[in-house]
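Topology and contacts: notes
Read off the chains here:
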Amino acid sequence: MNDHPQIARIHLNPHSRDVHRDLRDPTQMHRTVMRLAPDDLGDAPRRQAGLLYRLDETDTTTTLLVQATHLDPTRLPHGYGTCETKSLGPMFTALRKGLAVRYRIVLSPTKRERLPLQEKGKRGRVLPLTGPDADQWWLRRAAQAGLDLHILTPTATEPARPRGPGASAMRHSLTRYDGTATVTDPHALRDAITGGIGRGKPYGAGLLSLAPAATA
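In what follows, the accompanying structure is described. (Residues numbered from 1 in each chain as written. Predicted model: local features only at pLDDT ≥ 70, side-chain atom pairs only at ≥ 80, totals over all residues. Heavy atoms only, no water.)

Strand pairs in the sheet, formed through backbone hydrogen bonds, run parallel or antiparallel to each other. Strand order across the open sheet formed by 4 strands is β2-β3-β1-β4, with antiparallel pairing between neighbours. What marks the edges here is a single partner per strand, and that holds for β2 (52–57) and β4 (81–87). Here the strands of the sheet are splayed against their neighbours by 15 degrees on average, with no regard to which way each runs. Here strand β1 (residues 6–12) runs beside β4; their pairing, made up of 7 bridges, is antiparallel. From the neighbouring strand, Leu12 faces β4, where its bridge partner is Gly81. In the packing of helix α2 (residues 26–34) onto the sheet, the strands contacted are β2 and β3 (62–68), and the crossing angle to β2 comes to about 120 degrees. (Pairing = 2+ DSSP bridges. Helix = DSSP H or I, 4+ residues; strand = E, 2+ residues; numbered from the N terminus. Axes fitted to C-alpha atoms, helices over the stretch in contact; angles between N-to-C directions. Contact = heavy atoms within 4.5 Å.)

As structure tokens, this is what we get:
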């Protein structure tokens, strides 16, 4: 295994049947991206592999980003897309307190339902957050992850609905955030990038991307 995670940028083939299947069904997409990770990882293989992914869509293209401790893009279905892979090591080396960055992340902000006192000891439902509540959730989580946000621009995306036998009935509301920030804690930020942020990681949430912010 490498010391630093790898990131694969896969430009999806719009004519691939496998791509169309995966874009319709997040459960199938998760199975496809897990093919890039090593076999025999035991329990919780996604977590063991450190695997996170995100779909970046424009009017003309769809790009799949996959991050893990080790990636083998040759295991993608034939004709799935073109792939570029690189190590996150140089980015981790460049992180320092006070560094200005641009970021992108898809999140599934949630809160735990508060139950009345007579139901003490029980756990409330996990409720999705939207709008200003989701923005405040991201501000708090970003601060814990070593980022001081300056700009956060939310974009609602299609919710992820797991399918298939035994799939969770939970609907994952997803919001993409783009903006600028300053690094306040490089060590916490490395941990957040490596482990992902929030819920919904099997459905395309939690992968934080950073790039240097333009300076005047």
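In this section: the sheet that holds strand β9 (residues 175–183). The antiparallel open sheet is built from 4 strands, whose spatial order is β8-β9-β5-β10. Two strands close off the open sheet at either side, each with one partner strand: β8 (147–156) and β10 (209–212). For this sheet the average axis-to-axis angle between neighbouring strands, irrespective of direction, equals 20 degrees. The sheet contact formed by strand β5 (residues 100–107) and β9 spans 8 bridges and is antiparallel. When the bridges of β9 are listed, Arg102 appears paired with Thr180.

Applying the stated rule across the entire model yields 7 salt bridges. A salt bridge links Arg75 to Asp39; the shortest N-O distance between them is 2.8 Å. With a gap of 36 residues between them, Arg75 in the loop between β3 and β4 and Asp39 in the loop between α2 and α3 (45–49) connect regions that are remote in the sequence. Among the ionic pairs, Asp178 bridges to Arg104, the shortest N-O distance being 2.5 Å. Of this pair, Asp178 sits in strand β9 while Arg104 sits in strand β5, and the two are 74 residues apart along the sequence. The class of Asp178 is buried, set by a relative accessible area of 16%. Counted as one network, the salt bridges with shared partners bring together Arg54, Asp56, Arg104, Arg176 and Asp178. (Salt bridge = Lys/Arg side-chain N within 4 Å of Asp/Glu carboxyl O. Buried < 20%, exposed > 50% of the residue type's maximum accessible area, 1.4 Å probe, protein only.)

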